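Inside the fold
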Amino acid sequence: MAQDIAQKSRKFDVVGTRPVRPDGVDKVTGRARFGADMNAPGMLVGRILRSPHAHAKIKKIDVSKAVALPGVKAIVTKDDFPVTDGNSGLMDILTNVMARDKALYDGHAVAAVAATSASVARKALSLIKVDYEALPHVTDVDEAMKAGAPLIRDGLITSGVEPAPAKASNVAARHQFGHGDVDKGFKEADIIVERSFKTEATHQGYIEPHACLASVGPDGQADLWVCTQGHYMIRNVCAQLLGMDQSRVRVTASEIGGGFGGKTTVFIEPVALALSRKANRPVKVVMTREEVFKATGPTASSSMDVKIGAKKDGRITAADMVMRFQGGAFPGSGVEYGAMTSFACYDLENVRIVGWDVLCNRPKLAAYRAPSAPIAAFAVESAMTELAGKLGLDPIEFRLKNAAKEGTKSCYGPTFGPIGIIDCLKATKEHPHYKAPLKANQARGVACGFWFNFGGNTCVSMNVGFDGTVNLSVGTPDIGGSRASMSMMAAEELGIPYDKVRCIIADTASLGHNDVTDGSRTTFSTGLATINAARDAIKKACQRAAKTWGIPEDAVVWEKGYAKPAGANAGRFFVYSGP
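Residues numbered from 1 in each chain as written. Predicted model: local features only at pLDDT ≥ 70, side-chain atom pairs only at ≥ 80, totals over all residues. Heavy atoms only, no water.

Let's shift gears to the overall build of the chain. Each helix and strand in the chain was counted, giving 17 helices and 20 strands. Along the first, second and third principal axes, the C-alpha atoms of the chain reach 90 × 75 × 50 Å. Split into buried and exposed, the 579 residues of the chain put 50% on the buried side. Total accessible area on the chain stands at roughly 27,200 Å², and carbon and sulfur atoms take up 53% of it. Side chains of the chain carry 70 positive and 59 negative charges; the gap between the two charge centres is 4 Å. (Helix = DSSP H or I, 4+ residues; strand = E, 2+ residues; numbered from the N terminus. Buried < 20%, exposed > 50% of the residue type's maximum accessible area, 1.4 Å probe, protein only. Areas by Shrake-Rupley, 256 points an atom, 1.4 Å probe, with all protein chains shown as cover. Lys, Arg positive; Asp, Glu negative; His and termini not counted. Charge placed at Lys NZ, Arg CZ, Asp CG, Glu CD.)

Turning our eyes to something else, we now look at the sheet that holds strand β6 (residues 129-134). In sheet architecture, strand pairing relies on hydrogen bonds along the backbone and comes in two forms, parallel and antiparallel. Read from one edge of the open sheet, 3 strands run β4-β2-β6, paired in antiparallel fashion. The sheet is open, and its two edges are formed by β4 (102-103) and β6, each paired on a single side. Across 2 bridges, strand β2 (residues 56-62) lies against β4 in antiparallel orientation. Following the sheet pairing, Ala56 is matched in β4 by Ala103. (Pairing = 2+ DSSP bridges.)

Look at the link from Glu162 to Pro163: it is a cis peptide, with omega at -5°. Considering the arrangement of structural elements, one finds Pro163 in the loop between α6 (141-144) and β7 (171-179). Of note in this structure, Ala370 is not a glycine but carries a positive phi near 60°. In this fold, Ala370 is placed in the loop between β15 (351-358) and α12 (373-391). Owing to a relative accessible area of 23%, Ala370 belongs among the partly exposed residues under this scheme.

Moving on, we come to the packing of aromatic side chains. As enumerated under the stated definition, the model contains 7 aromatic pairs in all. Note on Tyr412 and Phe452: the rings are 5.3 Å apart at their centroids and 80° apart in plane angle, and the pair reads as edge-to-face. With Tyr412 in the loop between α13 (395-402) and α14 (421-430) and Phe452 in the loop between α15 (432-435) and β16 (460-464), this pair connects stretches of sequence that are 40 residues apart. Here the two residues Tyr412 and Phe452 agree in accessibility, since each one is buried. A centroid spacing of 5.4 Å and a plane angle of 85° characterise the contact between Phe450 and Phe452, whose relative ring orientation is edge-to-face. An aromatic cluster is built from Tyr337, Tyr412, Phe416, Phe450, Trp451 and Phe452, whose rings are joined through pairwise contacts. In this structure, Arg444 is placed above the aromatic ring of Tyr434, and the distance from its NZ or CZ to the ring centre is 5.3 Å. (Phe/Tyr/Trp six-rings, centres within 6.5 Å; stacked < 30°, edge-to-face > 60°. Lys NZ or Arg CZ within 6 Å of the ring centre and 35° of its normal.)

Burial runs high along strand β13 (residues 301-310): 8 of the 10 residues are buried. Inspection of the sheet shows strand β8 (residues 191-199) paired to β13 by 9 bridges, in the antiparallel sense. Looking at the pairing, Glu194 lines up with Lys307 of β13. Bridge count between β13 and strand β14 (residues 316-326): 10 bridges; the pairing is antiparallel.

Among the 10 residues of helix α4 (residues 88-97), 8 are classified as buried, and the element is accordingly described as predominantly covered. Turning to α4, its buried residues number three or more, namely Leu90, Met91, Asp92, Ile93, Leu94, Thr95, Asn96 and Val97. Contact partners of the buried residues in α4: β5 (109-115), α8 (231-242) and α9 (269-279). Of the residues that open α4, the one with a side-chain oxygen 3.2 Å from the backbone nitrogen of Gly89 is Asn87. (Contact = heavy atoms within 4.5 Å. Polar contact = N/O pair within 3.5 Å; in protein donor to acceptor, adjacent residues only side chain to side chain.)

Pairing between side chains of opposite charge can happen when the charged atoms of each approach one another. A complete count under the given rule lists 32 salt bridges for this structure. Salt-bridge contacts for Glu255 lead to Lys27; the nearest nitrogen and oxygen are separated by 3.6 Å. Highlighted residues: Glu255 in the loop between β11 (249-253) and α9 and Lys27 in helix α2 (residues 24-29), separated in sequence by 228 residues. Classification of Glu255 by relative accessible area gives buried; the value is 15%. Take Lys27: its relative accessible area is 30%, and that puts it in the partly exposed class. Close ionic contact of Asp305 with Arg324 constitutes a salt bridge, the shortest N to O distance being 3.0 Å. Placement of the pair is Asp305 in strand β13 and Arg324 in strand β14, with a sequence separation of 19 residues. We classify Asp305 as partly exposed; its relative accessible area is 28%. Take Arg324: its relative accessible area is 12%, and that puts it in the buried class. (Salt bridge = Lys/Arg side-chain N within 4 Å of Asp/Glu carboxyl O.)

Turning our attention to the layout of surface pockets. Of the pockets and cavities examined, the largest pocket occupies roughly 1,100 Å³. Lining the largest pocket are 42 residues, and of these Thr264, Ala367, Pro371, Asp518 and Gly519 sit closest to its centre. Secondary-structure elements contributing two or more residues to the lining of the largest pocket are α8, α11 (335-341), α16 (482-494) and α17 (522-549). It is α11 that contributes the most residues to the lining of the largest pocket, 3 residues altogether. Classifying every residue of the lining of the largest pocket by side-chain character gives 18 nonpolar, 18 polar and 6 charged. (1 Å grid on protein atoms, 1.4 Å probe; cavity = no way out; pocket = protein on both sides within 12 Å on 5 of 7 lines; lining within 4 Å. Points joined across faces, edges and corners; volume = space filled by probe spheres on them. Nonpolar A, V, L, I, M, F, W, Y, C, P; charged D, E, K, R; others polar.)

Axis separation between α16 and α17 bottoms out at 9 Å; the angle between their running directions is 30°. It follows from the interaxial angle that α16 and α17 lie roughly parallel. Considering only the axes of α16 and α17, their crossing is right-handed. For the pair formed by α16 and α17, the contact residues are Ser482, Ser485, Met486, Met489, Ala490, Glu493 and Leu494 on the first element and Thr522, Thr523, Thr526, Gly527, Thr530, Ile531, Ala534, Arg535 and Ile538 on the second. (Axes fitted to C-alpha atoms, helices over the stretch in contact; angles between N-to-C directions. Parallel < 35°, antiparallel > 145°, perpendicular 65-115°, else oblique. Left-handed = near helix turned anticlockwise from the far one by under 90°.)

Another point: the packing of α13 against α14. For the pair α13 and α14, the least separation of the axes is 10 Å and the interaxial angle reads 160°. Here α13 lies roughly antiparallel to α14, going by the angle between them. Note on packing geometry: the crossing formed by α13 with α14 is left-handed. In this structure, α13 contributes Ile396, Glu397, Arg399 and Leu400 to the contact, and α14 contributes Ile422, Leu425, Lys426, Thr428 and Lys429. Its residues assigned to classes, the contact of α13 with α14 shows 4 nonpolar, 1 polar and 4 charged.

Right, here's the structure in full:
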């Protein structure tokens, strides 16, 4: 407890300032190297053939004419990607990377070529003949749940339902959260608001398209340069899909021109590696903007029903929600996150949320800024504001009456520790912008939101040079300034200037495993690892100083970037006069 109080009262010299970002100069001068900026001697151009159908059986693929085209060095289809047994999630990634028996959405990859030029690659794609049998498709989540909907995945049985259904459907899973007696709570309510909402899929819209350069040598050693939020994830997945040892795949993360969660998924990287391995040449694959929108994951689209009841005094008595999310042609819409976050802002005695994970003939979903939480918040907060109006309450005051606090049992299970929603709402209510008068054509909206944070697996390496400068290697790609944050924390702990720390993103062969940069975890997790590394460096430096000086370890302290004798217990072996 005393240590916690000391940390809270600590005065910082570097943290809290606004120094120049370590990547800033390179980015504004154009020197920064992004996904498509890497080249290699003998490099080939990779292009991907994509299905024009939203749902179709692939009866035959004829690549003979494309193979015979001068300049074509490799062609890959599903046959170049062995089936992965025993891991349904990995099999879904494999199926998304290269269609197998069916094309599941418009834009689904069915073949790829590597050629000596972009024009030859495009010509080769036109020569690949695919015999499709078009099938009925469904893209609306409500339509996909109906009994007569076109079946996207044979044999898919809904999980989370007891007893288990006997027939396959497009519903992958059912999730439920909550506590209390919702029916009883609604009977106690004086006013009830019940509404339905639908949202469409929204793409992240990052400026930089997906791009990678793959090089597999004759010895099976592979190098991959890629724009991603998680190059260790890229390594692990690619190695598994291609039957390679992880240690033989080295992945380097480039600068990233935006991700927002959309670059936490594998799309083109295994294809580039497979082409390179087959051609024995480096292969670069860069998506067009059209490909990005057609074949990479947006957020889910949804259909939601919300019901909230309250007493006349503004206290909510019950809240109920049914959520139907589609995450493309594969399980994993993220509806469980939407269900968990939906009512998490509020202290509710009776709450129930049911989420349905549904398949549609759309691209495989990817994360997008607190995935699923904004969708759920849109529905809940719209109903909350309407209910506040019916109660004659200020929308912030209504939320304050029901806000979660320390000790609240959340809608998804855990009991909250200290949280700040009440302080935030009070500050908002007192802000001049909230009190400013509105003109005839103006309105003011209020909404609350909740998102999780987690630590995850994180590794850093800190090297202190002979001159006292520091190299800090981290394994979490920088998507929003984290290198500056890490440098500041390292400088703060070591007691040295910020500009004496250089932070780099290490490749997968140079540092231990790191989870993806996502889930609001990086500054927290990589920051803690950096702080621990700095404290360990200080401890070792003091130990070395003590050994050099021939004094006890507890006779050495660390202040402002250097070790010095602690005081009288250091003895009288010299007069200390500063650094």
